[in-house]
Amino acid sequence: MYYTHKISLMSALFILHELILICDSMNIFGKYKDLADAVKNPCHLNMAACMLKLNKYEDAIAQCSLVSMSRFPSYASVCERTHLHIYYIHAHDVDRLLS
């Protein structure tokens, strides 16, 4: 992976994390709770996609799990979480065979 590509993924993760923190502060005040929850789910899924490209499988699975346990779970999060589990297991099996 190119260094500049990795830096851009890390900056995207930072921006998405900041957006989730803003949504959490909106939840505290209660006025925009539904809007904040609707924005957080795609952010978590995009963070999972970035983490997958950075080979951080466990963190990506955790992000998909957050969406699955939210008030508005999505079918995409369940599919992506299942896909990540399979990909993670396969990657560890390949590493074990090569060592």
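Residues numbered from 1 in each chain as written. Predicted model: local features only at pLDDT ≥ 70, side-chain atom pairs only at ≥ 80, totals over all residues. Heavy atoms only, no water.

Asks: So what's going on with the packing of helix α2 (residues 33-53) against helix α3 (residues 57-68)? Which residues, and what values?
Replies: Helices that pack against each other are described as a pair by the angle of their axes relative to one another and the distance between those axes. Viewed as axis vectors pointing N to C, α2 and α3 meet at an angle of 165 degrees, and their least axial separation amounts to 8 Å. Judged by the inter-axis angle, α2 sits roughly antiparallel to α3. The interaxial crossing formed by α2 with α3 has left-handed handedness. Contacts between α2 and α3 pair N41, H44, L45, M47, A48, M51 and L52 from the former with Y57, D59, A60, Q63, C64, L66 and V67 from the latter. Of the residues assigned to the contact of α2 with α3, the class counts are 10 nonpolar, three polar and one charged. (Axes fitted to C-alpha atoms, helices over the stretch in contact; angles between N-to-C directions. Helix = DSSP H or I, 4+ residues; strand = E, 2+ residues; numbered from the N terminus. Parallel < 35°, antiparallel > 145°, perpendicular 65-115°, else oblique. Left-handed = near helix turned anticlockwise from the far one by under 90°. Contact = heavy atoms within 4.5 Å. Nonpolar A, V, L, I, M, F, W, Y, C, P; charged D, E, K, R; others polar.)

Asks: Quick rundown of the nonpolar core? Include the residues and the values.
Replies: The nonpolar side chains of soluble globular proteins are, as a tendency, buried together. Within the largest apolar cluster, 14 residues are counted, with the highest numbers of intra-cluster contacts made by L13, M47, M51, A60 and L84. Going through the elements one at a time, α1 (3-29), α2 and α3 are the ones with two or more residues in this core. The greatest single-element share of this core, amounting to five residues, is contributed by α2. Other than its neighbours up to four places away in sequence, L84 contacts L52, A60, I61 and C64. (Core = buried A, V, L, I, M, F, W, Y, C linked by side-chain atoms within 4.5 Å. Buried < 20%, exposed > 50% of the residue type's maximum accessible area, 1.4 Å probe, protein only.)

Asks: How would you explain the environment of Y57 if you had to name every residue and give the values?
Replies: Note that Y57 resides in helix α3. Between the C-alpha atoms of Y57 and Y88, which are 31 residues apart in sequence, the distance is 6.0 Å. One polar contact links Y57 to N55, side chain to side chain, over a distance of 3.2 Å. (Polar contact = N/O pair within 3.5 Å; in protein donor to acceptor, adjacent residues only side chain to side chain.)

Asks: Go over the environment of A60 with me, naming the residues and quoting the values.
Replies: When you line up the elements, A60 lands in helix α3. Taking the C-alpha atoms as reference points, A60 and M47, separated by 13 residues in sequence, lie 7.1 Å from one another. Apart from the residues lying within four places of it in its own chain, the contact partners of A60 are A48, M51, L52 and L84.

Asks: So what's going on with unusual backbone geometry? Which residues, and what values?
Replies: Although it is not a glycine, N55 adopts a positive phi angle of roughly 65 degrees. With respect to the helices, strands and loops of the structure, N55 is situated in the loop between α2 and α3.

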